[in-house]
Every structure is written in C-alpha cells, then in structure tokens.
Amino acid sequence: MSARTYFIRTYGCQMNEHDSERAAGVLETMGYRPAPDPESAGLVLLNTCAIRENADNKLYGQLSHLKPLKLADPSKTIVVGGCLAQKDQDKLAEKAPYVDVVYGTHNMGRLPELLAQADSASLPVVEILEHTQMFPSALPSMREVRHHAWVSISIGCDNTCAFCIVPSLRGPEKSRKLGDIVSETRELVADGVTEITLLGQNVNSYGRDLVRAGEVPAEFADGSRNRTLFAELLHMLGDVDGLDRIRFTSPHPKDFTSDVFAAMRDVPTVMEQLHLPLQAGSDRILKLMQRSYRSRRFLDLVAEARDTIPGLAISTDIIVGFPGETEADFQATLDVTEQARFDSAFTFKYSKRPGTTAVDLPDHVEQHVMDERFIRLAELTKRLSAESHARQVGTVQEVVVEGPSKTDDTRLSGRTRHNRLVHFPVVEGLASGATTNVAVTDAAAHYLLGEVTDAAVTPAVPTPGPATALA
Ligand code: SAH
Ligand code: SF4
Ligand code: F3S
C-alpha cells in the first residue's frame with residue numbers, strides 16, 4: 001500500500017460523479033495519485049448517495065468490507081462524503097468509528113484541512129455544513145474521460161416532491177452566473193473537452209434566483225428579452241467554438257417553456273435528447289407526490305418537444321408503489337408511458353426516506369404488490385426501448401467514441417447524438433473522443449450494433465408522439 005494513493009467509489013447521480021471528479025482533483029493537487037483498488041489505496045473515499053434505502057445498505061456493506069483493512073493497517077485513511085454523510089453524520093461516526101473523515105455535500109473544498117485534522121485525531125473528524133461555501137466547479141477536477149465534462153449550473157432544489165430527500169441534503173437552489181458557466185466551458189474546451197453535460201437538480205429553473213436577486217441584465221429581469229435564462233445559456237454555449245455536444249439533466253416538466261425547446265432545435269450543438277421525469281401517470285398520485293403538472297400537461301409537453309425537435313429521444317424516471325397507489329393509478333402510469341413512447345426509462349420502487357412527507361401518507365403499498373408492478377412496468381419500458389432502437393436499424397448515426405467495449409475488446413463503444421449506446425468493430429486509429437459515422441445494423445433494448453461507414457448521417461428517425469396531444 002502506498003500512502004499517497006487514493007481510490008474513490010461513487011454512488012448515486014451525475015452530481016456525485018461530478019463531485020468525485022472534483023474530489024480527485026483536490027487530492028491530486030495534494031500529491032495523491034490514483035490506486036487501482038481500495039485494498040492497495042492509502043486513502044479510500046466513498047462518495048455516498050441517500051436517494052433510496054438500498055443506497056444506505058450499499059454504503060454500510062462497503063464500510064464493513066473496509067473495516068478489516070483499516071484494522072490491519074491503521075495508516076489507511078477512510079473518508080465518507082456526499083449525501084448519505086450529510087444525512088447520517090452521527091450514525092456514521094457511531095456505526096463506523098474507524099472512519100477518519102466524514103464530510104457533507106457543501107464542503108468538499110475543505111478536504112485538505114479535514115485530512116490534516118484527521119492525522120492527529122483518534123475519532124472521526126466530522127464536518128457537515130448547512131450551506132455551500134463555494135461552487136464545486138471552482139475546485140480543480142480530474143475528468144474520467146478527456147473529451148467529456150460535467151458543468152454544474154445550479155445546485156440544490158426548491159421543490160418539495162413528497163418522496164424526495166434531495167432538497168434536505170443539497171439545500172435550496174442556487175444558480176451560477178452565466179458568465180462563470182461560459183468561461184468554465186471555454187477553459188474545458190481549451191483542455192480538450194468537446195462534450196459537456198449541464199447539471200442541476202432542476203436544471204431548467206436555472207437563474208430564477210439570479211433574476212430575483214437582480215443579478216441579471218435588465219432585459220431578463222423585466223421579461224423584455226422574451227427568453228428564459230436557461231434558453232439563453234444554451235444559445236451562449238452554442239456559440240463556444242470547439243464545443244460539439246451539449247446535454248443537460250434533469251429538467252422538471254413544470255418548468256418547461258417553449259423557448260427551451262426552440263433553443264434545442266436552433267442550437268446545433270444541443271443534442272436531440274431530453275430526460276423528462278414522469279414519476280407517475282395518475283393525476284391523483286402526482287398531486288400526492290407534490291409534482292405540480294398533470295398527465296395531460298406532461299403528454300402535451302412530450303408532443304410539443306417531439307414536434308419542435310426532429311428525431312428527439314426522450315428518457316424518463318418513474319416510481320412505482322408510491323403510498324396510496326391503487327391498481328387503477330398504476331394502470332394510468334402504464335397508459336401514459338405507452339402514450340409517451342419513451343425511448344428509455346429508469347424505473348424505481350418507492351423507497352421510504354425518513355424526513356420526507358410521503359412517509360406520513362396513508363396506505364403504503366405492500367412489497368409484493370410493488371414488486372409485481374415494477375416487473376410489469378419494466379416489461380413495458382423494455383419493449384418501448386426495443387421498438388425505439390429497432391427504428392434506428394438501417395440509419396447512419398453520428399457517434400462519439402467512448403472507448404473499447406466493456407465486454408468485447410474486438411469492439412468499440414460510442415454514443416449517438418440521442419445518447420444511444422452503439423457497439424461496432426474496432427477501426428484502427430479511432431480513439432476515445434473521436435467522431436465517426438456508424439451504420440446501424442442491429443438493435444437490442446439497451447444498445448445498437450453497427451459498422452463504421454463513410455455514408456452521410458441519416459436525418460433523425462422520429463419517435464411517434466402521443467396521438468392525442470396538441471389537438
Ligand atoms: N432532480 C431530479 C431527480 C433526482 S433523483 C429530478 O427531479 O428529476 C432521481 C430519481 O430518483 C427521481 O427522478 C425519482 O424517480 C427517483 N427517486 C427519488 N426519490 C425516490 C424514492 N424515495 N423512492 C424511489 N425513487 C426515488
Ligand atoms: Fe427531488 Fe423533486 Fe427536487 Fe428532483 S425536483 S431533486 S425529485 S425534490
Ligand atoms: Fe443520491 Fe445525492 Fe444524487 S441523494 S441521487 S447522490 S443528489
């Protein structure tokens with residue numbers, strides 16, 4: 001084991017992936033170098049998530065695996081950061097007293113000081129701040145891949161979705177200044193980045209706090225610009241030379257405005273891909289969830305988005321078994337899912353999170369009912385993904401190479417503009433980050449197969465939108 005080496009394990013969402021890249025950057029500036037596994041690393045950092053109960057279980061499982069390593073070699077440093085650390089600070093120190101440092105979601109920049117304190121402490125050094133001191137993007141970063149970067153445009157969330165623990169862990173929404181985002185993006189491009197993903201818990205409400213605080217040009221404050229700050233940001237980033245692909249996640253359906261769809265259409269570097277979380281198809285359940293749109297509005301948005309942006313691919317998040325969900329409510333989720341024809345979906349079983357309002361709702365759904373609904377929904381979303389992929393067969397797609405396929409080294413893997421995963425036979429000289437055209441020859445629910453071709457990219461294949469919307 002080498003003392004100045006580190007290994008980071010990341011749980012949870014893209015915010016955490018981004019935070020881990022920052023943590024790696026901070027450690028590298030302190031002289032640490034990456035280790036291949038937790039066993040050989042001098043410092044192990046677990047960047048935790050608390051969104052569902054199994055995230056908690058995973059962390060405590062991982063900690064019990066690290067305990068004998070720490071007992072065998074007390075000079076090993078174990079750090080627990082992120083959302084679960086924010087939630088469980090005291091429990092963590094009590095359950096795993098061999099941990100050296102516990103830090104929350106707002107104080108990663110303090111890592112060097114916390115590590116120094118841990119050197120002379122016998123109990124875990126715990127520091128949890130209630131508010132963000134500094135945007136994580138101001139810290140150095142070690143990117144996992146050279147050509148892609150996460151760019152955080154806002155942190156926190158002002159919504160009160162009844163199931164969700166995120167606002168209590170990440171605090172109220174705070175947007176970064178437009179100019180700071182654009183200058184970070186320019187620096188990233190100068191450093192070899194060609195693709196960025198803009199991050200925010202509620203990415204399309206970007207800038208409302210800046211407008212409220214009067215920190216924007218007058219034409220945005222008085223509405224005369226006729227464009228939201230988020231749409232403006234997409235246009236500004238579209239003008240950054242050398243930046244080829246822009247994605248963003250996660251928008252909230254209630255905050256979608258037509259100018260954002262128009263920007264997605266008009267800015268060629270904004271990809272034809274949208275993550276639009278439905279959560280539930282029943283209006284009664286949406287209301288209980290405190291999600292302020294209803295299924296009609298959601299389907300209208302899907303139709304408007306597909307009408308405006310040719311070939312758009314839409315992914316979603318859906319929860320089954322929210323308290324009070326009846327068979328009829330669940331059927332509504334299946335119906336809306338079928339009508340929206342999502343190109344892909346992340347499906348979750350409702351998980352009780354202490355401190356959220358859903359915990360106190362009546363009629364929690366029995367586990368076996370939840371399990372059975374989850375399977376039915378997964379069958380439907382898998383069929384929709386397979387249908388969406390089957391429509392790509394015979395087309396030529398613009399693909400950015402990610403690297404060798406994880407399961408077959410005779411193949412490369414890449415992503416289409418729609419963020420579809422494609423595998424294709426290795427071509428000499430095509431490295432990670434390169435753009436190429438791939439003729440799609442075959443499709444499965446979760447990936448496409450193809451071959452590199454000289455043929456021109458095919459116009460995007462439309463996914464049929466909801467038949468009844470936008471009457
Ligand atoms: N800010 C993002 C969501 C972050 S959490 C957004 O609003 O889109 C990612 C997803 O996890 C959510 O969209 C939801 O589908 C799921 N999720 C959140 N809390 C959950 C819970 N208590 N049980 C099950 N799934 C949950
Ligand atoms: Fe959670 Fe809702 Fe905020 Fe997303 S919008 S982070 S689901 S409270
Ligand atoms: Fe998990 Fe925190 Fe993200 S709870 S989903 S890592 S914001």
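Computed from a predicted model, the values in this text were never measured in an experiment.

1. A closer look at the UniProt feature "binding site: [4Fe-4S] cluster 1" (unreviewed entry) in the protein
So, point 1. The UniProt record marks Cys-13, Cys-49 and Cys-83 with the feature "binding site: [4Fe-4S] cluster 1" (unreviewed entry), using the residue numbering of this structure. In terms of the greatest pairwise C-alpha distance, the residues named above, spread along 71 residues, form a tight cluster of at most 10.4 Å across.
So, point 2. With respect to the element layout, Cys-49 can be found in the loop between strand 3 (41–48) and helix 2 (53–72).
So, point 3. Residues in contact with Cys-49, not counting those within four places in the same chain, are Tyr-11, Gly-12, Asn-16, Ala-55, Asp-56, Cys-83 and Leu-84.
So, point 4. Excluding its chain neighbours within four sequence positions, the residues that come into contact with Cys-83 are Thr-48, Cys-49, Ala-50, Thr-105, Leu-169 and Arg-170.

2. Some details on the site of ligand 3
So, point 1. Around ligand 3, the structure places Cys-13, Asn-16, Cys-49, Ala-50, Ile-51, Cys-83, Arg-170 and Gln-201.
So, point 2. Grouping the amino acids of the shell around ligand 3 by side-chain chemistry returns five nonpolar, two polar and one charged.

3. Digging into the packing of aromatic side chains
So, point 1. Summed over all chains, the structure comprises six aromatic pairs.
So, point 2. On the basis of an interplanar angle of 65° and a centroid distance of 6.0 Å, the ring pair of Phe-298 and Phe-342 is categorised as edge-to-face. Of this pair, Phe-298 sits in helix 13 (residues 295–308) while Phe-342 sits in the loop between helix 14 (327–340) and strand 14 (344–349), placing them 44 residues apart in sequence.
So, point 3. By way of ring pairs, the aromatic residues Phe-163, Phe-322 and Tyr-350 are connected into one cluster.

4. So, the UniProt feature "binding site: [4Fe-4S] cluster 2" (unreviewed entry) in the protein
So, point 1. UniProt's feature table lists "binding site: [4Fe-4S] cluster 2" (unreviewed entry) at Cys-157, Cys-161 and Cys-164, given in the numbering used throughout.
So, point 2. Inspection of the secondary structure assignment puts Cys-157 in the loop between strand 8 (154–155) and helix 6 (166–170).
So, point 3. Residue Cys-157 is classed as buried on the basis of its relative accessible area, which comes to 12%.
So, point 4. Those residues in contact with Cys-157 that sit more than four places away from it in its chain are Pro-167, Gly-171, Pro-172, Glu-173 and Gln-201.
So, point 5. By the secondary structure assignment, Cys-164 is in the loop between strand 8 and helix 6.
So, point 6. Among all residues touching Cys-164, those that are not within four sequence positions of it are Ile-51 and Thr-356.

Reading the values: rules and limits
- Residues numbered from 1 in each chain as written.
- Chains lettered and ligands numbered in written order.
- Predicted model: local features only at pLDDT ≥ 70, side-chain atom pairs only at ≥ 80, totals over all residues.
- Heavy atoms only, no water.
- UniProt positions renumbered as here; feature names shortened; annotations may be inferred.
- Helix = DSSP H or I, 4+ residues; strand = E, 2+ residues; numbered from the N terminus.
- Contact = heavy atoms within 4.5 Å.
- Near = heavy atom within 4 Å.
- Nonpolar A, V, L, I, M, F, W, Y, C, P; charged D, E, K, R; others polar.
- Phe/Tyr/Trp six-rings, centres within 6.5 Å; stacked < 30°, edge-to-face > 60°.
- Buried < 20%, exposed > 50% of the residue type's maximum accessible area, 1.4 Å probe, protein only.

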